[in-house]
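Observations on the model geometry
What follows is each chain in one-letter form.
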Amino acid sequence: MNTKQIKAFGTEAADAALEQLAITRRAILPNDVEIDIEYCGVCHSDLHFAKNDWGFSVYPVVPGHEIVGTVTQVGDKVTAYKVGDVVAVGCLVDSCRSCNNCKADLEQYCPEWVGTYGGHDKHLDMQTFGGYSESIVVDEHFVLRVPDNLDKAAIAPVLCAGITTWSPLRHWNVGKGTKVAVVGLGGLGHMAIKLADALGAEVTLLSRSPSKTKDAMDLGADHVVISTDESQMAEVQGVFDLIIDTVPYIHDINPYVGTLATNGTLVLVGYLGPLDPMLNSMPMIMGRKNVAGSLIGGIAETQELLDFCGEHGITSEIEMIRIQDINTAYERMLKSDVHYRFVIDMASLKP
Ligand code: NAP
Ligand code: ZN
Ligand code: ZN
């Protein structure tokens, strides 16, 4: 198969810094779109994967799944896109297209879904490389249209931070009158606040960081509760219909379950792995409370969100960086010092 060598930024090992390296992309196939990458958001999952936090990273790792750019080539059978279109790619670049989940537009739950990085490119028989790179080749089914009224850099985080919070907001029917709480004000958390607010919900931020209170209110939160303050937590017992927990590392979720209303649901989207301390079933049984999880969103749902953002003028709050600053950005992310998403100007990779 024809291939192309391009420049990227990635890491060869869990304890190594990210640096410039060369990667292989396939030449376009009949259904493929080639995209010149202009902006790529920096997700905490990029850091988890680069550092092998989940134990299944394959090196070299080239992260990045909040990609916005311009179409430079299309295959013979491509119908939805043409050269010059502004498009986006999120966390998924392939799936089986025939299982029940794929047929239901839930490609993210397909047993054969292929992540934008760290997945398996069946055409090249090697791992996929993400958006910290010059360009990407993707089947048109997994390419998204970007509304032309929105800033190209600030829309990039919608491709992961946005859809990961939008999917549970939609699945649990959030709207006017719903009481939503968001745990953690980072990339996902700030999009969750904006989107829940735009859907008409009453929104509370549950945060460890009192310094983020004003920002949360500016983003659309109606209330802020400091999660380490027991008296503040006591005031919100039995209140929330939906809690979206974005905290990336292991933490005690039992105090949050207590803040759910009867029939309420706490959705874990951040931490991946066994809970410790264990989940106490008592408040769940006594109050018919639910604990659930959710993974990104399907392609149709991601397009629905991009269109919603276009209609409502919603984008992410971003701090633009050069690719050469990525290691410092990761250090800041570990300290929760992100306001509220780093986006890489990929022109910095193409001097
Ligand atoms: P982020 O920007 O780093 O934000 C995480 C926030 O969590 C922090 O700002 C902080 O907010 C809070 N936090 C609480 N305890 C923390 C701790 N020990 N260390 C760091 N932060 C802590 O991360 P993100 O990009 O929003 O991603 C959040 C998590 O979601 C990551 O684990 C990521 O892998 C995961 N994720 C999951 C999906 C999915 O499909 N389920 C998709 C994308 C990302 P406060 O200061 O307000 O407490
Ligand atoms: Zn992500
Ligand atoms: Zn499938």
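Residues numbered from 1 in each chain as written. Chains lettered and ligands numbered in written order. Predicted model: local features only at pLDDT ≥ 70, side-chain atom pairs only at ≥ 80, totals over all residues. Heavy atoms only, no water.

1. As for the overall build of the protein
In terms of helices and strands, the protein carries eleven helices and 19 strands. Against the globule reference of 20 Å for 351 residues, the protein gives a C-alpha radius of gyration of 20 Å, in line with a compact fold. Looking at the protein as a whole, 56% of its 351 residues are labelled buried. Here the analysis covers contacts within the protein between residues at least 6 apart in sequence; of these, 68% occur between residues at least 24 apart. (Helix = DSSP H or I, 4+ residues; strand = E, 2+ residues; numbered from the N terminus. Rg over C-alpha atoms; globule rule 2.2 N^0.38 Å. Buried < 20%, exposed > 50% of the residue type's maximum accessible area, 1.4 Å probe, protein only. Contact = heavy atoms within 4.5 Å.)

2. Regarding the sheet that holds strand S17 (residues 290-293)
Across the sheet, which stays open at both edges, the six strands sit in the order S14-S13-S12-S15-S16-S17 with parallel pairing between neighbours. The open sheet terminates on both sides in strands that have one partner only, identified here as strand S14 (223-226) and S17. Averaged over all neighbouring strand pairs, the angle between strand axes comes to 20°, with direction disregarded. Bridge analysis of strand S12 (residues 179-183) against strand S15 (residues 240-245) gives four bridges, and the strand direction is parallel. Among the inter-strand pairings, Val 182 is bridged to a residue of S15, identified as Ile 244. Its contacts with the sheet place helix H4 (residues 161-171) against S12, S15 and strand S16 (260-268), and it is angled at close to 160° to S15. (Pairing = 2+ DSSP bridges. Axes fitted to C-alpha atoms, helices over the stretch in contact; angles between N-to-C directions.)

3. Description of the packing of H4 against helix H10 (residues 299-312)
With their axes 10 Å apart at the nearest point, H4 and H10 run at an angle of 100° to one another. Taken together, H4 and H10 sit at an angle that is classed as roughly perpendicular. Counted together, Gly 162, Ile 163, Trp 166, Ser 167 and Arg 170 of H4 and Glu 301, Thr 302, Glu 304, Leu 305 and Phe 308 of H10 form the full contact between these two elements. (Parallel < 35°, antiparallel > 145°, perpendicular 65-115°, else oblique.)

4. Overview of the coordination of the zinc ion (ligand 2)
Within the first shell, the zinc ion (ligand 2) binds the protein through Cys 43 (SG), His 65 (NE2) and Cys 160 (SG), at distances of 2.0 to 2.2 Å. Binding-site remark: the zinc ion (ligand 2) is held by donors from one chain whose sequence spacing is C-x21-H-x94-C. Of this pair, His 65 sits in the loop between helix H1 (44-50) and strand S4 (67-74) while Cys 160 is found in the loop between helix H3 (152-155) and H4, placing the two residues 95 residues apart along the sequence. Look at Cys 160 and you get buried, because its relative accessible area is 4%. (Donors = N, O, S within 2.8 Å, 3.2 Å for Na, K, Ca; no water.)

5. Concerning the nonpolar core
The biggest cluster of nonpolar side chains holds 87 residues, and the ones touching the most others in it are Val 42, Tyr 132, Leu 169, Ile 193, Leu 195, Ile 326 and Tyr 330. Sort the elements by how many residues they give to this core and helix H5 (residues 187-198) lands first, with six residues. Two domains share this core, each providing at least three of its residues, namely domain 1 (3-160 + 317-349) and domain 2 (161-293). By size, the runner-up hydrophobic cluster in this structure holds 15 residues, among which are Val 183, Ile 253, Val 257 and Leu 268. (Core = buried A, V, L, I, M, F, W, Y, C linked by side-chain atoms within 4.5 Å. Domains from an automatic or database assignment.)

6. Things to note about the environment of Ala 196
Its location among the elements puts Ala 196 in helix H5. In this structure Ala 196 comes out as buried when scored by relative accessible area, which is 0%. For the pair formed by Ala 196 and Asp 53, sequence separation is 143 residues and the distance between their alpha carbons is 30 Å. Setting aside residues no more than four positions away along its own chain, Ala 196 makes contact with Leu 169, Val 180, Ala 201 and Val 203.

7. Focus on the pattern of salt bridges
Taken as a whole, this structure holds 15 salt bridges when the rule is applied. One salt bridge in this structure joins Glu 304 and Arg 170, with 3.0 Å as the shortest N-O distance. Within this pair, whereas Glu 304 is found in helix H10, its partner Arg 170 is found in helix H4, the two being separated by 134 residues in sequence. A relative accessible area of 38% places Arg 170 in the partly exposed class. (Salt bridge = Lys/Arg side-chain N within 4 Å of Asp/Glu carboxyl O.)

8. A few points about the domain arrangement of the protein
Domain boundaries assigned for the protein yield domain 1 (3-160 + 317-349) and domain 2 (161-293). Taken together, the 16 residues of domain 1 in the interface contact 18 residues of domain 2. Carbon and sulfur atoms supply 52% of the area buried between domain 1 and domain 2, which totals about 1,400 Å² over both sides. It is Cys 160, Glu 317 and Tyr 340 that lose the most area in domain 1 upon contact with domain 2, and together they represent 42% of the buried surface on that side. At the surface where domain 1 touches domain 2, the tally comes to 15 residue pairs in polar contact (both at pLDDT 80 or more). The element contributing the most residues to the side of domain 1 that touches domain 2 is H1, with three residues. (Buried area = accessible area lost by both parts, 1.4 Å probe. Polar contact = N/O pair within 3.5 Å; in protein donor to acceptor, adjacent residues only side chain to side chain.)

9. A closer look at the coordination of the zinc ion (ligand 3)
For a metal bound by four donors in a tetrahedral arrangement, the ideal donor-metal-donor angle is 109.5 degrees, while six donors in an octahedral arrangement ideally sit at 90 or 180 degrees. Distances from the zinc ion (ligand 3) to its protein donors, namely Cys 96 (SG), Cys 99 (SG), Cys 102 (SG) and Cys 110 (SG), fall within the range 2.3 to 2.4 Å. If you look at the zinc ion (ligand 3), its four donor atoms make angles of 104 to 115° with each other, and the shape they trace is tetrahedral. Ordering the donors of the zinc ion (ligand 3) by residue number gives the pattern C-x2-C-x2-C-x7-C. Residue Cys 96 is located in the loop between strand S6 (92-94) and helix H2 (100-103), and its partner Cys 110 is located in the loop between H2 and strand S7 (114-115); the two are separated by 14 residues in the primary sequence. (Tetrahedral: all angles 85-135°; square planar, octahedral: opposite > 155°, others 65-115°.)

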